[in-house]
Amino acid sequence: MPLYNPSKRQDKRTVTTNDGTITLYSSEFDECYHSTNDGALNESLNKHIIPAFKLLDTQKDEINILDICFGLGYNTLATLHYLQNNPIQSKINIFSPEFDKELVVSLKDFDYPNEFTPFLHIIEELSESGFYSDDKLSIEILFGDARETLPKIKSKIDIVYQDPFSPKKNPLLWTREYFATIKAIASKEVILTTYSSATSIRMGLYENGFLLYETPTKEVRSGTIASLRVLNLKSIDMELKKSRNPQAHSLRDEMFCLN
Ligand SMILES: C[S@@+](CC[C@H](N)C(=O)[O-])C[C@H]1O[C@@H](n2cnc3c(N)ncnc32)[C@H](O)[C@@H]1O
């Protein structure tokens, strides 16, 4: 099974999601970039940004965020939108892998929701150079395959938005070995947010020492929160899940011929 098909990478079309915000459909992955049911902006805010910032201790000089992967930049821009309404003192550093450079270049012309209008100058800079920086914010798009760029990150990551295409279509960003790379660059306080609630994905995180919780939201379909510390959330008992389903296993690189 070929895992990526660059010849189809630029074959995309716009799709309006249920909250009225616009996403893309990718022919390469045969999937949309966001849940059309939950809505692109709504999903980004309620599955990733709000839970992450509510759970993180924001009394820090700097907060390092890993946005997997940049795509249309909704998670990065929704973070800026959230911070505009919930100001915190910390400097925000966002790192975001992305192997579709042509997509990033095209984003200066993308039809974003009004909530992102204050940040259009940032999108323009990212679109041109993959980098933006001011006193309170830095954003760096790490062009290339995430499996190669992630190990080079030197900062300790406090928040991970784990938002690739689905495990079925984008498996190399969901394996046990991939989550080991995430753990290696994570701070002890890390909060990882993801839309996936699949047992195989939770096992990949659990086998790397992450504790698992249900996403605390009623706004969107629940996903998973993972952390290396105990959180005051509804926890997921992975030992019970394993005893009830002894066949369950994490995804591994070797299943996709990557060693
Ligand atoms: C579901 S979309 C991300 C949506 C994004 N979070 C947003 O809010 O717009 C997944 C993105 O991952 C990128 N991608 C998939 N596999 C990758 C890899 N191995 N390395 C880097 N980028 C990858 C795709 O090009 C696509 O832009």
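Look a little higher up for the structure.
Here the structure is a predicted model, which means the values were calculated and not measured.

Colleague: How should the pattern of salt bridges be read in this particular structure?
Modeller: Per the counting criterion, the structure on display carries 10 salt bridges. The partner of Lys47 in a salt bridge is Asp38, with the nearest N and O atoms 2.8 Å apart. Take Lys47: its relative accessible area is 0%, and that puts it in the buried class. Take Asp38: its relative accessible area is 11%, and that puts it in the buried class. Its salt-bridge partner being Lys47, residue Glu43 comes within 3.5 Å of it at the nearest N-O pair. Highlighted residues: Glu43 and Lys47, both in helix 1 (residues 40-55), separated by four residues, approximately one helical turn. You'll find Glu43 and Lys47 in the same group, each marked buried. Among the charged side chains, a network of salt bridges with common partners joins Asp38, Glu43 and Lys47.

Colleague: Explain the state of the cysteines here, please?
Modeller: Note on terminology: a disulfide is the covalent bond linking the sulfur atoms of two cysteines. This structure, assessed with the given rule, holds zero disulfides. Distance from the sulfur of Cys32, which forms no disulfide, to the nearest cysteine sulfur (Cys69) is 17 Å.

Colleague: Please explain the site of the ligand as it appears in this structure.
Modeller: His34, Leu72, Glu98, Ala146 and Asp163 are the nearest of the 22 residues found near the ligand. A distance of 3.0 Å separates a nitrogen atom of the ligand from a polar atom in the side chain of Tyr4. Within the complex, 99% of the 610 Å² of free accessible area of the ligand lies under protein. Taken together, the residues of the shell around the ligand break down into 12 nonpolar, six polar and four charged.

Colleague: How do you make sense of the environment of Lys60 when you look at a structure like this?
Modeller: In this fold, Lys60 is placed in the loop between helix 1 and strand 4 (62-68). The exposure class of Lys60 is partly exposed, given its relative accessible area of 24%. For Lys60, the residues in contact, after removing those within four places along its chain, are Ser90, Asp158 and Glu189. Within the structure, the side chain of Lys60 is placed 3.0 Å from the side chain of Asp158, a separation counted as a polar contact.

Colleague: It is not clear to me how the sheet that holds strand 7 (residues 137-143) should be interpreted in this structure. Could you clarify?
Modeller: Consider a sheet: its strands pair through backbone hydrogen bonds, and that pairing is either parallel or antiparallel. Overall, mixed pairing links the eight strands, which are arranged 6-7-5-4-8-9-11-10 in an open sheet. Here the strands that pair on one side only, and so sit at the sheet edges, are strand 6 (131-133) and strand 10 (211-214). On average, adjacent strands in this sheet sit at an angle of 15 degrees to one another, irrespective of strand direction. As paired strands, strand 5 (residues 91-98) and strand 7 are joined by seven bridges and run parallel to one another. Directly across from Ser96, in strand 7, lies its bridge partner Ile141. Contacting strand 4, strand 5, strand 8 (157-162), strand 9 (186-194) and strand 11 (224-227), helix 1 crosses the sheet at an angle of about 155 degrees to strand 8.

Colleague: Would you take a moment to explain helix 4 (residues 120-129) for this structure?
Modeller: Helical geometry: 3.6 residues make up each α-helical turn, so side chains three or four residues apart lie on a common side. Taken together, the buried positions of helix 4 are Ile122, Ile123, Leu126 and Ser127. All buried residues of helix 4 project into a common sector of 135 degrees when viewed along the axis, lining one side. Turning to helix 4, the residues buried within the fold contact helix 2 (74-85), helix 3 (101-106), strand 6 and strand 7. With its phi angle positive at about 75 degrees, Gly130 sits one or two positions after the end of helix 4.

Calculation rules
The residue count restarts for each chain, going from 1 along the sequence in the order it is written. Where totals are concerned, whole chains, interfaces and linings use all residues; where local detail is concerned, this predicted model gives features only for residues with pLDDT of at least 70, and gives and counts side-chain atom pairs only at 80 or more. The side-chain numbers reported here are obtained from all heavy atoms of the structure, hydrogens and water having been left aside. We count a salt bridge whenever a side-chain nitrogen from Lys or Arg sits within 4 Å of a carboxyl oxygen from Asp or Glu. Per-residue accessibility, obtained with a 1.4 Å probe over protein chains only, is compared with the maximum for each type, and a residue is labelled buried under 20%, exposed over 50%, and partly exposed between these values. A run of H or I in DSSP counts as a helix once it spans at least four residues, and a run of E counts as a strand once it spans at least two, with each numbered from the N terminus. Here, a disulfide means two cysteine sulfur atoms that sit within 2.5 Å of each other. Nearness of a residue to a molecule or strand requires only that one of the residue's heavy atoms be within 4 Å of it. As used in this structure description, the phrase polar contact means that two N or O atoms lie within 3.5 Å; if the pair is within protein, one of them must be able to donate a hydrogen and the other to accept it, and residues adjacent in sequence are counted only when both atoms belong to side chains. Computed by Shrake-Rupley with a 1.4 Å probe, the accessible areas treat only the displayed protein chains as cover when residues are assessed. Three residue categories are used. Nonpolar comprises Ala, Val, Leu, Ile, Met, Phe, Trp, Tyr, Cys and Pro, charged comprises Asp, Glu, Lys and Arg, and polar comprises the others, including Gly. Residue contacts are defined here by distance: any two heavy atoms, one from each residue, within 4.5 Å place the two residues in contact. When DSSP finds two or more bridges between two strands, those strands count as paired. The axes are straight lines fitted to the C-alpha atoms, using for helices just the contacting stretch, and the angles between their N-to-C directions are given from 0 to 180°. The arc under discussion is defined with respect to the helix axis, by the directions toward the C-beta atoms.

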